[in-house]
Amino acid sequence: MVSLIDHAHNGRTPAATAWVLCAGAAVVLGATMLVAASLQVWDCDRGLYQPLARTCAAVAVACVVLGAVRPAPLLLAVALVVLLGIPWGLAVTRRLANPADSPTQ
């Protein structure tokens, strides 16, 4: 993040900074879904978790592509926030749409 601020005036994010941030986000998304797949609730609520896993995989690929493109630092930061919000938005939307399917009820 410090590198993004240091290079805020540049037209492109430095390669190392872009790769660390974007690949790190992709790894977090992948690891989150691996952990989720190991939970017992995965089998109970496949209607939520399977689409969420596919979405996380697609967003992880988009993060890697974003790292390769290396847009301006501000655009990179905003794009990562938007990309990481997609799986959360999907999960919340699906859970709110089907509250009766919640395993906690």
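Residues numbered from 1 in each chain as written. Predicted model: local features only at pLDDT ≥ 70, side-chain atom pairs only at ≥ 80, totals over all residues. Heavy atoms only, no water.

A. Geometry of the packing of helix α2 (residues 15-37) against helix α5 (residues 73-97). Orientation of α2 relative to α5, taken along the N-to-C sense of each, is 5 degrees, at an axis distance of 11 Å. Taken together, the axis directions place α2 and α5 in an arrangement best described as roughly parallel. Along its contact with α2, which presents Ala18, Leu21, Cys22, Ala25 and Leu29, the element α5 presents Leu76, Leu80, Leu84 and Pro87. (Axes fitted to C-alpha atoms, helices over the stretch in contact; angles between N-to-C directions. Helix = DSSP H or I, 4+ residues; strand = E, 2+ residues; numbered from the N terminus. Parallel < 35°, antiparallel > 145°, perpendicular 65-115°, else oblique. Contact = heavy atoms within 4.5 Å.)

B. A look at a nonpolar patch on the surface. A grouping of Leu74, Val78, Val82 and Ile86 is seen on the molecular surface, where their side chains present a nonpolar patch of about 370 Å² in accessible area. Relative to the helices and strands, valine 78 is located in helix α5. The exposure class of valine 78 is partly exposed, given its relative accessible area of 46%. (Patch = residues over 30% accessible without salt bridge, like charges linked within 9 Å, V, L, I, M, F, W, Y side chains within 5 Å. Areas by Shrake-Rupley, 256 points an atom, 1.4 Å probe, with all protein chains shown as cover. Salt bridge = Lys/Arg side-chain N within 4 Å of Asp/Glu carboxyl O. Buried < 20%, exposed > 50% of the residue type's maximum accessible area, 1.4 Å probe, protein only.)

C. Structural view of the nonpolar core. Counting residues in hydrophobic clusters, the biggest one holds 19 residues, and the most contacted among them are Leu29, Met33, Cys63, Leu66 and Leu80. Within the residue set of this core, elements represented by two or more residues are α2, α4 (46-69) and α5. If you tally residues by element for this core, the top one is α4, at eight residues. (Core = buried A, V, L, I, M, F, W, Y, C linked by side-chain atoms within 4.5 Å.)

D. Representation of the packing of α4 against α5. The interhelical angle for the contact between α4 and α5, taken along N-to-C directions, is 175 degrees, at an axis separation of 10 Å. As judged from the angle between their axes, α4 and α5 are roughly antiparallel. On the side of α4, the interface is formed by Gly47, Leu48, Pro51, Leu52, Thr55, Cys56, Val59, Ala62, Cys63 and Leu66, while α5 contributes Leu76, Ala79, Leu80, Leu83, Ile86, Pro87, Leu90, Ala91, Arg94 and Arg95. Taken together, the residues of the contact of α4 with α5 sort by class into 16 nonpolar, two polar and two charged. (Nonpolar A, V, L, I, M, F, W, Y, C, P; charged D, E, K, R; others polar.)

E. Representation of the layout of surface pockets within the structure. For the largest pocket, the calculated volume is near 250 Å³. Taken together, 14 residues line the largest pocket, and the ones lying closest to its centre are Thr32, Met33, Leu52, Cys56 and Trp88. Of all the secondary-structure elements, those providing two or more residues to the lining of the largest pocket are α2, α4 and α5. For the lining of the largest pocket, the class distribution of residues is twelve nonpolar, one polar and one charged. (1 Å grid on protein atoms, 1.4 Å probe; cavity = no way out; pocket = protein on both sides within 12 Å on 5 of 7 lines; lining within 4 Å. Points joined across faces, edges and corners; volume = space filled by probe spheres on them.)

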